[in-house]
Amino acid sequence: MAASASSTKVSTNSTASDFCRWHAVASWTWDAQDETCGICRMAFDGCCPDCKLPGDDCPLIWGSCNHAFHLHCILKWVNSQTPQAHCPMCRREWQFKG
Amino acid sequence: MVDFARVQKELQECNRDFGVSGIKVIPKSEANLTQLLGTIPGPLGTPYEGGTFNIDINLPDGYPFEPPKMKFATKVWHPNISSQSGAICLDILKDQWSPALTLKTALLSVQALLSAPEPDDPQDAVVAQQYLREYQTYVGTARYWTEAFAKASSLNVEEKVQKLVEMGFPEALVRSALESVGGDENLALEKLCSG
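Sequence positions are assigned chain by chain, starting from 1 and proceeding in written order. Numbering of ligands from 1 and lettering of chains from A proceed in the order in which they are written. Only residues with pLDDT of 70 or above have their local features reported here, since the model is predicted, and side-chain atom pairs are shown and tallied only from 80 upward, although totals for entire chains, interfaces and linings are computed over all residues.

Chain B carries the name E2 ubiquitin-conjugating enzyme in an unreviewed UniProt entry, which gives Penstemon davidsonii as its organism. According to the UniProt record, the Sequence similarities (unreviewed entry) comment for chain B reads "Belongs to the ubiquitin-conjugating enzyme family." UniProt positions are given in the numbering used here, feature names are shortened, and annotations may be inferred rather than shown by experiment.

Identification of chain A as Anaphase-promoting complex subunit 11 from Penstemon davidsonii is taken from an unreviewed UniProt entry.

Rendered as structure tokens:
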């Protein structure tokens, strides 16, 4: 997850060091190459169809081929494939990136 | 449980590029998103050119972790498609399915299959033999079937319109209903009855 923060100076006093109020805003986004999960087609910054809240409760996971999916989505796929699951995007053998 | 959010998204995305791809997917009824009708144009430069092929799509409970069930509703003469049942022999609809594929990409693969028959892995042995032994006869038969079954020739459409108008539906509604279901008379009737 990549996080960024920005601040807004609210006081307009004469010297730059003279803050009297500080308003911090933080945002986060998953640092994946794609914007949507190739399995459920929902945004990575959203969550899989089974979850309500994005973020740590519905994490992304990478394969050794570097393709990312919602953990819950890829687990459903891996569990439905025996004996060996392949990456839905590139068909290489699916291994969780260590 | 079918992931209906994804199906809705797929339908919107697929129908948005209809102008470019000529590929359409519509629900057979608004109430049930597991029974769909796909439409593909016959590829240019093949005996299927000029035809519009309807494909019955049935989404299994596990979709998109299981492949959609597809079969031709339009009769077609092709080594990898049953001339009797419309069953399609295509690996991505079986063991080569991936949840990253969509209804649209699957229909594109079916369209590609029309351009590139695989007679050594037949679904219809009679067609495959003809393809291998008397290629020109195969081309002729395939072209004739396209003409006879895959073209909503103007005469046919007018007959259907008249039949439905005689049942008491306004002509403009009948035409738009027929168009939206790819010319299938029964589906158009269902649509008209459901309002």
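1. A few points about the overall build of chain A
Numbering goes from the N terminus for both helices and strands, where a helix is a DSSP run of H or I of at least four residues and a strand is a run of E of at least two. Summing up its helical and strand segments, chain A has 1 helix and 4 strands in all. In chain A, the order of α-helices and β-strands from amino to carboxyl end is β-β-β-β-α. To assign burial, the other C-beta atoms lying within 10 Å of each residue's own C-beta are counted, with C-beta atoms placed from the backbone; 20 or more indicates buried, 12 or fewer indicates exposed, and intermediate counts indicate partly exposed. Of all 98 residues assigned to chain A, the portion counted as buried reaches 22%. When contacts within chain A are restricted to residue pairs at least 6 apart in sequence, those whose partners lie at least 24 apart make up 35%. By definition, residue pairs are in contact when their C-beta atoms, positioned from the backbone, come within 7 Å.

2. Things to note about the overall build of chain B
The secondary structure content of chain B amounts to 8 helices and 4 strands. Ordered by position from N to C terminus, the α and β elements of chain B give α-α-β-β-β-β-α-α-α-α-α-α. The atom set for the radius of gyration is the C-alpha atoms, and the globule formula is 2.2 Å times the number of residues raised to the power 0.38. Its C-alpha radius of gyration of 17 Å places chain B within 12% of the 16 Å reference for a compact globule of 195 residues. Seen along its three principal axes, the alpha-carbon backbone of chain B occupies a region of about 50 × 40 × 30 Å. Of all 195 residues assigned to chain B, the portion counted as buried reaches 36%. Long-range pairs, those at least 24 residues apart, make up 51% of the contacts in chain B between residues at least 6 apart in sequence.

3. Section: helix 1 (residues 71–80) of chain A
Residues and elements named next belong to chain A. Buried within helix 1 we find Cys73, Ile74, Lys76 and Trp77. Considered in projection along helix 1, the buried side chains sweep an arc of 155° and stay on one side of the axis. Buried residues along helix 1 sit in contact with strand 3 (60–62) and strand 4 (68–70). Regarding the arc, it is the one traced by the directions from the helix axis to the C-beta atoms.

4. Some words on the packing of helix 7 (residues 171–180) of chain B against helix 8 (residues 185–193) of chain B
All names here are of chain B. Look at helix 7 against helix 8: their axes get within 8 Å of each other, and the N-to-C directions meet at 125°. Relative to helix 8, the element helix 7 is oriented oblique. Both helix 7 and helix 8 take part in a crossing whose hand is right-handed. Judged by residue contacts, Leu173, Val174, Ala177, Leu178 and Ser180 of helix 7 engage Ala188, Lys191 and Leu192 from helix 8. By the convention adopted, Pro, Cys, Tyr, Trp, Phe, Met, Ile, Leu, Val and Ala count as nonpolar, Lys, Arg, Asp and Glu as charged, and the other residues, Gly among them, as polar. Here the residues of the contact of helix 7 with helix 8 are counted per class, giving 6 nonpolar, 1 polar and 1 charged. Geometry is summarised by axes, namely lines fitted to C-alpha atoms with helices restricted to the contacting stretch, and by angles between N-to-C directions that run from 0 to 180 degrees. An angle below 35 degrees is treated as roughly parallel, one above 145 as roughly antiparallel, one from 65 to 115 as roughly perpendicular, and anything else as oblique. Left-handed describes a crossing whose near helix is turned anticlockwise from the far helix by less than a right angle; the clockwise case is right-handed.

5. Describing the domain arrangement of chain B
By a widely used convention, the size of an interface equals the accessible area lost when the partners come together. All names here are of chain B. Just so you know, the domain bounds were taken from an automatic or database domain assignment. Considered domain by domain, chain B is made up of domain 1 (4–149) and domain 2 (154–193). The C-alpha-based centres of domain 1 and domain 2 are spaced at 24 Å. Facing 7 residues of domain 1, the contacting portion of domain 2 comprises 6 residues. Every element with two or more residues in the side of domain 1 that touches domain 2 is listed here: strand 1 (24–29), strand 2 (32–41) and strand 3 (52–58).

6. What to know about the UniProt feature "domain: UBC core" (unreviewed entry) in chain B
What UniProt calls "domain: UBC core" (unreviewed entry) maps, in this numbering, to residues 2–151 of chain B. Across residues 2–151 of chain B, the secondary structure splits into 36% helix and 18% strand, with the terminal C-alpha atoms separated by 33 Å.

7. Topic: the interface of chain B and chain A
Taken together, the contact between chain B and chain A spans 10 residues of the former and 11 residues of the latter. The class makeup of the residues in the side of chain B that touches chain A is 5 nonpolar, 2 polar and 3 charged.

8. Section: helix 8 of chain B
Residues and elements named next belong to chain B. The set of residues buried in helix 8 consists of Leu187, Ala188 and Lys191. Taken around the axis of helix 8, the buried residues stretch over an arc of 100°, which confines them to a single face. In helix 8, the exposed positions that point more than 90 degrees away from the buried face belong to Asn186 and Cys193.

9. Topic: the environment of B:Pro99
With respect to the element layout, B:Pro99 can be found in the loop between strand 4 (69–72) and helix 3 (103–115). Taking C-alpha positions, B:Pro99 is 27 Å from B:Pro79, a pair spaced 20 residues apart along the chain. For B:Pro99, the residues in contact, after removing those within four places along its chain, are A:Ile39, A:Trp77, A:Pro88, B:Pro64 and B:Phe65.

10. Let's talk about the UniProt feature "active site" (unreviewed entry) in chain B
Residues and elements named next belong to chain B. If you check UniProt for "active site" (unreviewed entry), the listed places come out as Cys89 in our numbering. Among the structural elements, Cys89 can be located in the loop between strand 4 and helix 3. Looking at Cys89, the number of C-beta atoms within 10 Å reads 17, which means it is partly exposed. In this structure, Cys89 is in contact with Asn80, Asp121 and Gln123, ignoring residues within four places of it in sequence.

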